[in-house]
Amino acid sequence: MRYVIIGAGAVGGTVGGRLAQAGREVVLVARGEHLAALHEHGLRLRVPEGESRYRLPAVDGPGPLGELRVDDVLVLAVKTQDTVAALETWAEVPVAGGGTAAGRLPLVCLQNGVESGRLALRRFRQVYGVCVWLPSTHVEPGVVSAAGSPLTGILHLGRLPHGTDDTARRIAADLEAARFEAPVVPDVARWQYAKLLWNLGTAFEALCGPAADEAAHTLLTRVRAEGEAVLDAAGIAHTSPAEQRTARDGKVTLVPLDGAPRGGGSSWQSLARRTGTIEADHLNGEIVLLGRLHGVPTPLNELLQRLANRFARERRAAGSLPVAELVRLADEAVAAAG
(Lines give C-alpha, C1' and ligand atoms only; values in the text may rest on other atoms or scores of the structure.)
Protein backbone atom coordinates (compact mmCIF):
# COMPACT_ATOMS: atom_id res chain seq x y z
CA MET A 1 0.00 0.00 0.00
CA ARG A 2 1.03 3.61 -0.58
CA TYR A 3 0.33 6.03 2.26
CA VAL A 4 -0.73 9.55 1.27
CA ILE A 5 -0.23 11.64 4.42
CA ILE A 6 -2.60 14.61 4.16
CA GLY A 7 -1.09 17.02 6.67
CA ALA A 8 2.57 16.13 7.24
CA GLY A 9 2.93 18.05 10.52
CA ALA A 10 3.88 16.67 13.92
CA VAL A 11 1.75 13.52 13.86
CA GLY A 12 1.48 13.03 10.09
CA GLY A 13 5.14 13.76 9.51
CA THR A 14 6.23 11.37 12.23
CA VAL A 15 4.03 8.54 10.97
CA GLY A 16 5.10 9.21 7.38
CA GLY A 17 8.77 9.31 8.30
CA ARG A 18 8.60 6.13 10.36
CA LEU A 19 6.70 4.31 7.59
CA ALA A 20 9.32 5.41 5.05
CA GLN A 21 12.06 4.24 7.40
CA ALA A 22 10.34 0.82 7.48
CA GLY A 23 10.38 0.65 3.67
CA ARG A 24 6.77 1.64 2.99
CA GLU A 25 5.85 3.95 0.13
CA VAL A 26 4.84 7.42 1.37
CA VAL A 27 3.65 10.69 -0.16
CA LEU A 28 3.57 13.80 2.03
CA VAL A 29 0.98 16.53 1.56
CA ALA A 30 1.92 19.91 3.03
CA ARG A 31 1.78 23.62 2.25
CA GLY A 32 3.68 26.88 2.56
CA GLU A 33 7.14 26.99 4.11
CA HIS A 34 6.86 23.40 5.30
CA LEU A 35 6.28 22.15 1.75
CA ALA A 36 9.14 24.28 0.44
CA ALA A 37 11.48 22.83 3.08
CA LEU A 38 10.39 19.28 2.23
CA HIS A 39 11.20 19.94 -1.44
CA GLU A 40 14.57 21.52 -0.66
CA HIS A 41 15.88 19.39 2.19
CA GLY A 42 13.54 16.42 2.58
CA LEU A 43 11.79 15.47 5.80
CA ARG A 44 14.05 15.71 8.83
CA LEU A 45 12.82 13.27 11.49
CA ARG A 46 14.33 13.62 14.96
CA VAL A 47 13.85 10.55 17.16
CA PRO A 48 15.77 9.01 20.09
CA GLU A 49 18.05 7.07 17.70
CA GLY A 50 19.13 10.31 16.04
CA GLU A 51 18.10 12.46 13.10
CA SER A 52 17.27 11.01 9.68
CA ARG A 53 16.40 12.70 6.42
CA TYR A 54 13.90 11.30 3.93
CA ARG A 55 13.54 12.55 0.36
CA LEU A 56 9.88 11.70 -0.12
CA PRO A 57 7.41 12.90 -2.76
CA ALA A 58 5.83 16.06 -1.36
CA VAL A 59 2.82 17.79 -2.93
CA ASP A 60 0.35 20.53 -2.03
CA GLY A 61 -2.71 18.53 -3.11
CA PRO A 62 -3.89 15.73 -5.38
CA GLY A 63 -3.13 17.50 -8.66
CA PRO A 64 0.51 16.42 -9.05
CA LEU A 65 -0.41 12.79 -8.33
CA GLY A 66 -2.94 12.45 -11.15
CA GLU A 67 -5.14 9.41 -10.70
CA LEU A 68 -4.82 7.80 -7.29
CA ARG A 69 -3.85 4.14 -7.07
CA VAL A 70 -6.19 1.38 -5.97
CA ASP A 71 -3.70 0.50 -3.20
CA ASP A 72 -3.54 4.05 -1.79
CA VAL A 73 -4.42 4.73 1.84
CA LEU A 74 -5.36 8.34 2.57
CA VAL A 75 -4.17 9.34 6.04
CA LEU A 76 -5.92 12.50 7.22
CA ALA A 77 -3.62 14.21 9.73
CA VAL A 78 -4.68 17.85 9.49
CA LYS A 79 -6.15 19.62 12.51
CA THR A 80 -9.88 19.09 12.86
CA GLN A 81 -10.67 22.68 11.85
CA ASP A 82 -9.07 21.93 8.45
CA THR A 83 -10.89 18.63 7.91
CA VAL A 84 -13.78 19.84 5.75
CA ALA A 85 -11.44 21.57 3.29
CA ALA A 86 -9.27 18.46 3.05
CA LEU A 87 -12.26 16.18 2.48
CA GLU A 88 -13.57 18.48 -0.25
CA THR A 89 -10.15 18.45 -1.92
CA TRP A 90 -9.65 14.69 -1.93
CA ALA A 91 -13.12 13.07 -2.05
CA GLU A 92 -13.69 13.36 -5.82
CA VAL A 93 -10.14 12.59 -6.98
CA PRO A 94 -10.32 9.81 -9.60
CA VAL A 95 -8.87 6.38 -8.87
CA ALA A 96 -7.26 4.19 -11.52
CA GLY A 97 -9.83 1.81 -12.99
CA GLY A 98 -12.78 4.05 -12.20
CA GLY A 99 -14.51 5.66 -9.28
CA THR A 100 -13.31 8.24 -6.79
CA ALA A 101 -11.32 8.31 -3.59
CA ALA A 102 -14.49 8.72 -1.52
CA GLY A 103 -16.01 5.58 -2.97
CA ARG A 104 -12.98 3.31 -3.28
CA LEU A 105 -10.14 4.20 -0.93
CA PRO A 106 -9.70 3.85 2.83
CA LEU A 107 -9.44 7.10 4.77
CA VAL A 108 -7.66 6.97 8.13
CA CYS A 109 -8.42 9.84 10.53
CA LEU A 110 -5.15 10.28 12.41
CA GLN A 111 -6.47 13.17 14.51
CA ASN A 112 -7.48 14.28 17.97
CA GLY A 113 -11.11 14.44 19.00
CA VAL A 114 -14.10 12.66 17.50
CA GLU A 115 -15.55 15.13 14.99
CA SER A 116 -13.34 14.33 11.99
CA GLY A 117 -14.60 10.78 11.74
CA ARG A 118 -18.19 11.98 11.61
CA LEU A 119 -17.31 14.54 8.95
CA ALA A 120 -15.45 11.92 6.92
CA LEU A 121 -18.33 9.45 7.01
CA ARG A 122 -20.49 12.03 5.24
CA ARG A 123 -18.23 11.71 2.18
CA PHE A 124 -16.12 8.54 2.38
CA ARG A 125 -17.48 5.00 2.54
CA GLN A 126 -14.48 3.41 4.23
CA VAL A 127 -13.35 5.43 7.26
CA TYR A 128 -11.02 4.37 10.07
CA GLY A 129 -10.57 6.12 13.38
CA VAL A 130 -7.36 6.25 15.38
CA CYS A 131 -6.80 7.03 19.02
CA VAL A 132 -3.53 8.94 18.70
CA TRP A 133 -1.05 8.56 21.55
CA LEU A 134 2.01 10.04 19.86
CA PRO A 135 4.12 12.76 21.51
CA SER A 136 5.54 14.74 18.61
CA THR A 137 6.44 18.31 17.69
CA HIS A 138 6.47 20.40 14.53
CA VAL A 139 7.44 24.05 14.92
CA GLU A 140 10.18 24.33 12.26
CA PRO A 141 9.51 23.91 8.50
CA GLY A 142 10.67 20.53 7.24
CA VAL A 143 11.34 19.13 10.72
CA VAL A 144 9.32 16.87 13.01
CA SER A 145 10.43 15.43 16.35
CA ALA A 146 9.12 12.41 18.22
CA ALA A 147 10.71 11.64 21.57
CA GLY A 148 8.93 8.36 22.43
CA SER A 149 10.95 5.23 23.22
CA PRO A 150 11.04 2.25 22.85
CA LEU A 151 7.87 2.80 20.81
CA THR A 152 7.26 6.05 18.96
CA GLY A 153 3.55 5.92 19.76
CA ILE A 154 0.44 3.82 20.30
CA LEU A 155 -2.30 4.03 17.70
CA HIS A 156 -5.51 2.13 18.45
CA LEU A 157 -7.22 1.62 15.10
CA GLY A 158 -10.67 0.51 13.94
CA ARG A 159 -13.47 1.06 11.45
CA LEU A 160 -15.94 3.87 12.09
CA PRO A 161 -18.50 3.83 13.50
CA HIS A 162 -17.34 0.41 14.78
CA GLY A 163 -15.80 -2.87 13.67
CA THR A 164 -12.58 -4.21 12.17
CA ASP A 165 -11.53 -5.63 8.81
CA ASP A 166 -8.55 -6.87 6.84
CA THR A 167 -7.61 -3.36 5.68
CA ALA A 168 -7.32 -2.21 9.28
CA ARG A 169 -5.14 -5.20 10.06
CA ARG A 170 -2.86 -4.54 7.07
CA ILE A 171 -2.45 -0.89 8.05
CA ALA A 172 -1.75 -1.94 11.64
CA ALA A 173 0.92 -4.40 10.48
CA ASP A 174 2.70 -1.62 8.56
CA LEU A 175 2.51 0.69 11.58
CA GLU A 176 3.90 -1.98 13.86
CA ALA A 177 6.82 -2.48 11.47
CA ALA A 178 7.44 1.27 11.86
CA ARG A 179 7.91 1.35 15.67
CA PHE A 180 4.29 1.88 16.65
CA GLU A 181 1.94 -0.34 18.56
CA ALA A 182 -1.32 -0.45 16.60
CA PRO A 183 -4.01 -2.56 18.27
CA VAL A 184 -6.99 -3.17 15.97
CA VAL A 185 -10.12 -2.75 18.09
CA PRO A 186 -13.84 -2.97 17.28
CA ASP A 187 -14.67 -0.01 19.53
CA VAL A 188 -12.10 2.63 18.59
CA ALA A 189 -14.52 5.44 19.56
CA ARG A 190 -14.31 4.27 23.18
CA TRP A 191 -10.57 4.95 23.10
CA GLN A 192 -11.03 8.25 21.26
CA TYR A 193 -13.46 9.59 23.87
CA ALA A 194 -11.00 8.70 26.64
CA LYS A 195 -8.29 10.58 24.76
CA LEU A 196 -10.72 13.48 24.34
CA LEU A 197 -10.94 13.78 28.14
CA TRP A 198 -7.15 13.96 28.30
CA ASN A 199 -7.04 16.50 25.48
CA LEU A 200 -9.29 18.88 27.41
CA GLY A 201 -6.06 20.02 29.02
CA THR A 202 -4.36 20.99 25.77
CA ALA A 203 -6.04 24.41 25.74
CA PHE A 204 -4.73 25.01 29.27
CA GLU A 205 -1.23 24.08 28.14
CA ALA A 206 -1.48 26.38 25.13
CA LEU A 207 -2.60 29.27 27.32
CA CYS A 208 -0.42 28.76 30.41
CA GLY A 209 2.26 26.23 29.52
CA PRO A 210 2.68 22.79 31.09
CA ALA A 211 0.91 22.28 34.41
CA ALA A 212 3.62 22.76 37.02
CA ASP A 213 1.94 23.40 40.37
CA GLU A 214 -0.99 22.31 42.50
CA ALA A 215 -3.25 25.11 41.27
CA ALA A 216 -2.77 24.03 37.67
CA HIS A 217 -3.37 20.34 38.38
CA THR A 218 -6.45 21.13 40.45
CA LEU A 219 -7.96 23.18 37.63
CA LEU A 220 -7.25 20.44 35.09
CA THR A 221 -8.95 17.91 37.36
CA ARG A 222 -12.04 20.14 37.44
CA VAL A 223 -12.00 20.57 33.66
CA ARG A 224 -11.83 16.82 33.05
CA ALA A 225 -14.49 16.14 35.70
CA GLU A 226 -16.83 18.33 33.65
CA GLY A 227 -16.02 16.23 30.63
CA GLU A 228 -16.67 12.95 32.42
CA ALA A 229 -20.02 14.23 33.70
CA VAL A 230 -21.03 15.15 30.16
CA LEU A 231 -20.03 11.79 28.67
CA ASP A 232 -21.91 10.00 31.45
CA ALA A 233 -25.03 12.09 30.81
CA ALA A 234 -24.77 11.37 27.09
CA GLY A 235 -24.29 7.64 27.70
CA ILE A 236 -20.97 7.65 25.83
CA ALA A 237 -18.57 4.87 26.84
CA HIS A 238 -14.86 5.53 27.23
CA THR A 239 -11.93 3.48 28.43
CA SER A 240 -10.99 3.84 32.07
CA PRO A 241 -7.67 5.29 33.29
CA ALA A 242 -6.70 1.81 34.48
CA GLU A 243 -7.33 0.31 31.03
CA GLN A 244 -5.31 3.07 29.42
CA ARG A 245 -2.40 2.58 31.82
CA THR A 246 -2.38 -1.14 31.09
CA ALA A 247 -2.24 -0.41 27.36
CA ARG A 248 0.50 2.24 27.54
CA ASP A 249 2.68 2.01 30.65
CA GLY A 250 6.37 1.65 29.87
CA LYS A 251 5.89 1.63 26.11
CA VAL A 252 6.32 5.31 25.19
CA THR A 253 8.81 7.08 27.44
CA LEU A 254 9.96 10.57 26.48
CA VAL A 255 13.68 10.90 25.79
CA PRO A 256 15.41 14.32 25.46
CA LEU A 257 16.33 14.89 21.81
CA ASP A 258 19.47 16.75 20.77
CA GLY A 259 18.56 19.90 18.86
CA ALA A 260 14.83 19.42 19.24
CA PRO A 261 12.87 22.35 20.68
CA ARG A 262 11.11 21.92 23.99
CA GLY A 263 7.43 22.59 23.69
CA GLY A 264 3.96 21.30 24.28
CA GLY A 265 1.16 19.46 22.55
CA SER A 266 -0.72 20.19 19.37
CA SER A 267 -2.62 23.25 20.62
CA TRP A 268 0.54 24.76 22.14
CA GLN A 269 2.27 24.23 18.79
CA SER A 270 -0.55 26.03 16.95
CA LEU A 271 0.03 29.12 19.10
CA ALA A 272 3.80 28.76 18.86
CA ARG A 273 3.61 28.72 15.04
CA ARG A 274 1.12 31.64 15.03
CA THR A 275 -1.21 29.71 12.71
CA GLY A 276 -4.23 31.82 13.65
CA THR A 277 -6.37 28.77 14.43
CA ILE A 278 -6.56 26.15 17.17
CA GLU A 279 -8.59 22.95 17.63
CA ALA A 280 -10.32 23.95 20.88
CA ASP A 281 -13.76 24.00 19.19
CA HIS A 282 -13.41 20.26 18.61
CA LEU A 283 -11.87 19.33 21.99
CA ASN A 284 -13.27 21.50 24.79
CA GLY A 285 -15.99 22.52 22.33
CA GLU A 286 -17.10 18.91 21.93
CA ILE A 287 -17.77 18.77 25.68
CA VAL A 288 -19.57 22.14 25.50
CA LEU A 289 -21.77 20.85 22.68
CA LEU A 290 -22.64 17.62 24.47
CA GLY A 291 -23.26 19.53 27.68
CA ARG A 292 -25.78 21.77 25.97
CA LEU A 293 -27.47 18.80 24.32
CA HIS A 294 -27.80 16.90 27.61
CA GLY A 295 -28.32 19.70 30.11
CA VAL A 296 -24.95 19.60 31.85
CA PRO A 297 -23.21 22.92 32.65
CA THR A 298 -19.67 23.19 31.25
CA PRO A 299 -18.39 26.65 32.31
CA LEU A 300 -14.73 25.59 32.54
CA ASN A 301 -14.58 24.04 29.10
CA GLU A 302 -16.48 27.01 27.66
CA LEU A 303 -13.87 29.32 29.17
CA LEU A 304 -10.92 27.35 27.80
CA GLN A 305 -12.52 27.13 24.37
CA ARG A 306 -13.17 30.87 24.25
CA LEU A 307 -9.71 31.88 25.52
CA ALA A 308 -7.85 29.46 23.25
CA ASN A 309 -9.70 30.78 20.21
CA ARG A 310 -8.95 34.36 21.24
CA PHE A 311 -5.25 33.64 21.73
CA ALA A 312 -5.07 31.94 18.33
CA ARG A 313 -7.00 34.69 16.56
CA GLU A 314 -4.84 37.42 18.13
CA ARG A 315 -1.67 35.34 17.58
CA ARG A 316 -0.70 35.66 21.23
CA ALA A 317 2.31 33.76 22.54
CA ALA A 318 1.89 30.20 23.78
CA GLY A 319 2.05 29.90 27.56
CA SER A 320 1.66 33.64 28.17
CA LEU A 321 -1.40 33.56 30.48
CA PRO A 322 -0.52 33.28 34.22
CA VAL A 323 -2.09 30.25 35.88
CA ALA A 324 -3.40 32.43 38.73
CA GLU A 325 -5.29 34.60 36.24
CA LEU A 326 -6.84 31.56 34.55
CA VAL A 327 -7.88 30.13 37.93
CA ARG A 328 -9.53 33.46 38.79
CA LEU A 329 -11.42 33.47 35.49
CA ALA A 330 -12.43 29.84 36.03
CA ASP A 331 -13.84 30.55 39.48
CA GLU A 332 -15.80 33.50 38.07
CA ALA A 333 -17.16 31.34 35.24
CA VAL A 334 -18.34 28.63 37.63
CA ALA A 335 -19.96 31.22 39.93
CA ALA A 336 -21.73 32.86 36.99
CA ALA A 337 -23.05 29.46 35.86
CA GLY A 338 -24.77 29.14 39.23
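Whatever comes next refers back to the structure up there.
Residues numbered from 1 in each chain as written. Predicted model: local features only at pLDDT ≥ 70, side-chain atom pairs only at ≥ 80, totals over all residues. Heavy atoms only, no water.

Asks: Sorry if this is basic, but what is going on with the pattern of salt bridges here?
Replies: Side chains carrying opposite charge are able to pair once their charged atoms draw close together. One pass over the full model with this rule turns up 24 salt bridges. Note that Arg-123 and Glu-88 form a salt bridge whose closest N and O atoms lie 3.7 Å from each other. Of this pair, Arg-123 sits in the loop between α5 (115-121) and β8 (127-133) while Glu-88 sits in helix α3 (residues 83-90), and the two are 35 residues apart along the sequence. Residue classification places Arg-123 among the partly exposed residues on the basis of a relative accessible area of 40%. The salt bridge involving Glu-115 is made with Arg-118; its shortest N-O contact spans 2.4 Å. Of the two residues, Glu-115 and Arg-118 both sit in helix α5, three residues apart, roughly one turn of that helix. The exposure class of Arg-118 is partly exposed, given its relative accessible area of 33%. Taken together, the salt bridges that share partners define one network made up of Arg-44, Arg-46, Glu-51 and Glu-140. (Salt bridge = Lys/Arg side-chain N within 4 Å of Asp/Glu carboxyl O. Helix = DSSP H or I, 4+ residues; strand = E, 2+ residues; numbered from the N terminus. Buried < 20%, exposed > 50% of the residue type's maximum accessible area, 1.4 Å probe, protein only.)

Asks: How should the sheet that holds β8 be read in this particular structure?
Replies: Backbone-to-backbone hydrogen bonds pair the strands of a sheet. The strands run either parallel or antiparallel. If you trace the eight strands from one edge of the open sheet to the other, you get β5-β2-β1-β6-β7-β8-β12-β13, paired in mixed fashion. Taken across any chain shown, the strands that pair with only one partner, and hence form the sheet edges, are β5 (58-59) and β13 (180-181). Of the strand pairs in this sheet, strand β7 (residues 107-109) and β8 are connected by three bridges, and their pairing is parallel. Within β8, the residue paired with Leu-107 across the bridge is Val-127. Packed onto the sheet, α3 meets β1 (2-6), β2 (25-29), β6 (72-76) and β7 and runs at close to 160 degrees relative to β6. (Pairing = 2+ DSSP bridges. Contact = heavy atoms within 4.5 Å. Axes fitted to C-alpha atoms, helices over the stretch in contact; angles between N-to-C directions.)

Asks: In this structure, what is going on with the packing of helix α9 (residues 214-234) against helix α13 (residues 299-313)? I would like to understand it.
Replies: To characterise two packed helices, one gives the angle between the axes of the helices and the distance between these axes. Running from N to C, α9 and α13 cross one another at 110 degrees; their axes reach a closest spacing of 8 Å. Judged by the inter-axis angle, α9 sits roughly perpendicular to α13. Of the residues in α13, those in contact with Leu-219, Arg-222, Val-223, Glu-226 and Gly-227 of α9 are Pro-299, Leu-300, Asn-301 and Leu-304. The class makeup of the residues in the contact of α9 with α13 is five nonpolar, two polar and two charged. (Parallel < 35°, antiparallel > 145°, perpendicular 65-115°, else oblique. Nonpolar A, V, L, I, M, F, W, Y, C, P; charged D, E, K, R; others polar.)

Fair warning: the whole summary comes from geometry, so function is off the table for now.
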